[in-house]
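Structure assessment
What follows is the residue order along each chain.
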Amino acid sequence: GDKRNNNSGGSRGGHQGSSNNEESNTIFVGNLNYKTSQETLSKIFSSCGAVSSCRIAMGNDGRPRGFAHIEFESVESAKKALVKAGQDVDGREIKVDMSAPKRSGGGDRGSYG
């Protein structure tokens, strides 16, 4: 059930050069207030660089699940965005993490709190 090579983007062999390490131009933003909008997040993070997309995760019932993924046009911008962790957004301190490319296995021990 690994649909990784079904890349609905079509850009095969792009300029993914030698940066095959943990770097990603997408960040994970957690602990969001349910009333925080994509527009708000884009504004906050656009100070770090050009935001190419912002997706707030929605549950099956159509309600926000309290986290989002923000994709920047460059890895540098995504790295800068990490300093926004702990910033107050609509009364909540947001969590910001690199959204690492999914790898099989891994030590995801859920070290929260």
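Given the structure is predicted, the values throughout are model-derived calculations rather than measurements.

Calculation criteria
- Residues numbered from 1 in each chain as written.
- Predicted model: local features only at pLDDT ≥ 70, side-chain atom pairs only at ≥ 80, totals over all residues.
- Heavy atoms only, no water.
- Core = buried A, V, L, I, M, F, W, Y, C linked by side-chain atoms within 4.5 Å.
- Buried < 20%, exposed > 50% of the residue type's maximum accessible area, 1.4 Å probe, protein only.
- Contact = heavy atoms within 4.5 Å.
- Pairing = 2+ DSSP bridges.
- Helix = DSSP H or I, 4+ residues; strand = E, 2+ residues; numbered from the N terminus.
- Axes fitted to C-alpha atoms, helices over the stretch in contact; angles between N-to-C directions.
- Salt bridge = Lys/Arg side-chain N within 4 Å of Asp/Glu carboxyl O.

1. Quick word on the nonpolar core
Generally speaking, a soluble globular protein has its nonpolar side chains buried in company with each other. Counting 17 residues, the largest nonpolar core has Ile-27, Val-29, Leu-41, Phe-45, Ile-70, Phe-72 and Ile-94 as the members making the most contacts within it. Among all residues touching Phe-45, those that are not within four sequence positions of it are Ile-27, Val-29, Val-51, Ile-70, Phe-72, Ala-81, Lys-84, Ile-94 and Val-96.

2. A short note on the sheet that holds strand E1 (residues 26-30)
Pairing is antiparallel in the open sheet, where four strands are placed in the order E2-E3-E1-E6. Sheet topology places strand E2 (51-58) and strand E6 (95-98) at the edges, where each strand pairs with a single neighbour. Sheet twist, expressed as the mean angle between neighbouring strand axes with direction ignored, is 20°. Where E2 meets strand E3 (residues 64-72), six bridges bridge the pair, whose relative direction is antiparallel. Paired with Met-58 across the bridge in E3 is Pro-64. Along the sheet face, helix H1 (residues 38-45) touches E1, E2, E3 and E6 and points at about 140° away from the line of E2.

3. A word on the pattern of salt bridges
Across all of its chains, the model carries three salt bridges by this definition. Its salt-bridge partner being Lys-79, residue Glu-23 comes within 2.7 Å of it at the nearest N-O pair. One end of the pair, Glu-23, is in the segment before E1; the other, Lys-79, is in helix H2 (residues 75-81), with 56 residues separating them in the sequence. Judged by relative accessible area, Lys-79 falls into the partly exposed class, the value being 35%. Put simply, Glu-71 and Arg-55 hold a salt bridge, and the shortest N to O gap is 3.7 Å. With a gap of 16 residues between them, Glu-71 in strand E3 and Arg-55 in strand E2 connect regions that are remote in the sequence. Given a relative accessible area of 27%, Glu-71 falls into the partly exposed group.

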